[in-house]
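Chains, contacts and geometry: an overview
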Amino acid sequence: MELFPSLFCRLCAEGPVFGSCFCRFCEEKMRHALPRPRWERIEELSVFSLIAWGRDNETPCRALLYDLKESQDLRLFRFWSREWVRRLPPDTFHNAVLVPVPSSTGRLHSFLLARCLAETTGLEMVEALALGKEERQPGKSRRERMKRRLRLKEGVDLLSYKSVLLIDDVTTSGATLLGCKKALRGSQKVAALTVFRREPSA
Ligand SMILES: [Zn+2]
């Protein structure tokens, strides 16, 4: 499913590109310019982000974030999912199941990232979570509301997997990811992989 493939690099608009979406020059430049990927703890959840968007590197990160947000080019989703594989130790993926974070707006970004990561790693992807309607809950924080809206789909059982990897394109406060973790209710290890971590203050 190549929705809108382009022969040209997404950053410099020159080409050609082969099997990626950035030319080799931009790809190299990007890898050097971007901050190091990192694991971080958001409350009780470990989150791995390829790009932590802070004040120091706002411009290139913002450009890449919007590039992904606007994109329906499957090669871009493949590119970022391969970056996860390149950057993470192989045992991260051992006997794990990939669970995309459900979207409240019908965007397919987390689903496509999870699908491409499944393709690269051979892991299974299960759309285990659903997002219920937002109810009026005066006095409740966004974090609390997200926790209440997310639920495990009926009949889904992830207990045969050693760990769950939640997949999302971008996280800011981590509220949605924490809501997902809570909804899973499982006893196995849960971690999250995101492409972007947009620091709330940035
Ligand atoms: Zn380029």
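Let us look at the structure shown here. (Residues numbered from 1 in each chain as written. Predicted model: local features only at pLDDT ≥ 70, side-chain atom pairs only at ≥ 80, totals over all residues.)

The subject of this paragraph is the overall build of the protein chain. Across its full length, the protein chain carries six helices and eight strands. The C-alpha atoms of the protein chain give 17 Å as radius of gyration, which agrees with the globular expectation for 202 residues (17 Å, within 12%). Structurally, the protein chain occupies a C-alpha span of about 50 × 35 × 30 Å along its principal axes. By the burial criterion, 32% of the 202 residues in the protein chain qualify as buried. For the protein chain, the share of sequence-separated contacts (at least 6 apart) that also reach a separation of at least 24 residues comes to 72%. (Helix = DSSP H or I, 4+ residues; strand = E, 2+ residues; numbered from the N terminus. Rg over C-alpha atoms; globule rule 2.2 N^0.38 Å. Buried ≥ 20, exposed ≤ 12 C-beta atoms within 10 Å, placed from the backbone. Contact = placed C-beta atoms within 7 Å.)

A few words now on the pairing of strand β3 (residues 96-100). The buried count for β3 comes to four of five residues, which makes it a mostly enclosed element. Sheet topology note: the β3/strand β7 (residues 163-171) ladder contains five bridges and is parallel. Residue pairing across strands places Val99 opposite Leu166, the latter belonging to β7. Pairing of β3 with strand β4 (residues 124-125), which is carried by two bridges, proceeds in the parallel orientation. (Pairing = 2+ DSSP bridges.)

Here we come to the sheet that holds strand β1 (residues 38-42). Read from one edge to the other, the open sheet built from six strands follows the order β1-β2-β8-β7-β3-β4, with strand pairing classed as mixed. With partners counted over all chains shown, the strands left at the sheet margins are β1 and β4, one partner each. Of the pairings in the sheet, the one linking β1 to strand β2 (residues 45-53) comprises five bridges and is antiparallel in character. Residue pairing across strands places Trp39 opposite Phe48, the latter belonging to β2. In the packing of helix α4 (residues 109-121) onto the sheet, contacts are made with β3, β4 and β7, and the angle to β7 comes to roughly 130°. (Axes fitted to C-alpha atoms, helices over the stretch in contact; angles between N-to-C directions.)

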